[in-house]
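# Structural overview for review
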Amino acid sequence: MRPPSQEPAGALAEEFEDLPPGELDGGEPGQTEAPEVRAASVDVALHDWRLDKALAELVPEFSRSYLQQLLAQGCVRLNGREAGKASARVKAGDAVEVEMRPTQQSQAFRPESLPLDILHEDEHLLVVNKPAGLVVHPAPGNWSGTLLNALLGRDPKAALVPRAGIVHRLDKDTSGVMVVARTRAAMDALVRMIAAREVSRQYLALGWGAWSGAAHREVDAPIGRDPRNRLRMAIVDLAAHSGKPARTDVDVLSSGSDACLVRCTLHTGRTHQIRVHMASLKHPLVGDALYGGQAGAGLQRQALHAFRLAFRHPVTGADLVFRAELPPDMAEALDFWALRYNPA
């Protein structure tokens, strides 16, 4: 089947700003009985180009990431022979053949019957409580079993909405409340609201160490890719590195000698924002090994839970507030450290 509509839903919500383009604009052609072969000749204008870049020009209707996957699978022939590396240089007049096979990415947008914890549902939107361990959107290493697959399996109409209506995301190991659009109109409105900071997002987090200093801290520090480790994000100097402004308000709710419970309010939605900002305060999240937080109290994942989401209904205008109870693993960690939490 074709993936959800590939037409972009206006300005994308900030949570998707760092996803590779192929993950935003849908997948590629699905399985066919006989693979289609595209043939083309390298124009003089493409002489000495990298092979992968030339392919993107010669077969422009498909994403570069999809073509790179085909190249890696041996589906590209150059002058009658299997093409080499993506970095190989092409020459004017070279004959290129591309066998359009399905890839993992191209088959990722499939409906799957997966359980979902539904907090609210109407004809315009869905609010779910995402468990830790559930990936939101298909990506390398997780081409199936995602929230997107579950949404497609739950409602065939989700395929008519870009990304099955997903307008923001939570990390795989972060639990909590998410809103999903069920119509294109609701999606466009929600994307605009998130971009305009009209959606309130609050998280509960367990950080290592006894809290010290003011009970309320405002962290206003730009975030970008860590120049020393591309798998991480980091606070960066925008004069020297690429990144974007990021702001998190942090309020301590309870503290012991080993750990603290804090409420984090997002004003921006950068990748790993709370994890990076908490590490910068010398309170890395429990279980967040990527940012210096070792496991503890039985928690093997980062102790981060999106407990409250508030916004105005994109169609009716009604004020909505949704809460998700603290998951058992974090609740047990609070008991272990005797940290107090009043859900009111």
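Note that the structure is predicted; figures quoted are calculated from it, not measured.

A separate point is the pairing of strand β8 (residues 200-208). Among the nine residues that make up β8, eight are buried, leaving the element largely enclosed by the rest of the structure. Across six bridges, the pairing between β8 and strand β14 (residues 304-312) is antiparallel. Each residue of the ladder has a partner; that of Ser200, found in β14, is Ala310. Pairing of β8 with strand β13 (residues 259-266) involves eight bridges; the strand directions are antiparallel. What sits directly across from Ala205, in β13, is Val262.

Compared with the 16 Å implied by 1.5 Å per residue over 12 residues, the 17 Å span of helix α5 (residues 184-195) between its first and last C-alpha is a close match. Along α5, the residues classified as buried are Ala186, Met187, Ala189, Leu190, Val191, Met193 and Ile194. Buried residues along α5 sit against β7 (175-181), β8 and β14. Positive phi appears at Arg197, one or two residues downstream of α5, with a value of about 65°.

Mapped onto the fold, Asp226 is located in strand β10 (residues 223-226). In terms of polar contacts, Asp226 uses its side chain to reach the backbone amide nitrogen of Arg228, at 2.9 Å. Leave out the neighbours within four places in its chain, and Asp226 touches Arg232, Met233 and Ala234.

Positionally, Glu112 belongs in the loop between β4 (95-100) and β5 (118-121). Using a relative accessible area of 22% as the deciding quantity, one classes Glu112 as partly exposed. Along the chain, Glu112 and Leu147 lie 35 residues apart, while their C-alpha atoms are 9.3 Å from each other. Among the polar contacts listed, one links the side chain of Glu112 to the backbone nitrogen of Gly145, at a separation of 3.1 Å.

Thresholds applied
- Residues numbered from 1 in each chain as written.
- Predicted model: local features only at pLDDT ≥ 70, side-chain atom pairs only at ≥ 80, totals over all residues.
- Heavy atoms only, no water.
- Buried < 20%, exposed > 50% of the residue type's maximum accessible area, 1.4 Å probe, protein only.
- Helix = DSSP H or I, 4+ residues; strand = E, 2+ residues; numbered from the N terminus.
- Pairing = 2+ DSSP bridges.
- Expected span 1.5 Å × (residues − 1).
- Contact = heavy atoms within 4.5 Å.
- Polar contact = N/O pair within 3.5 Å; in protein donor to acceptor, adjacent residues only side chain to side chain.

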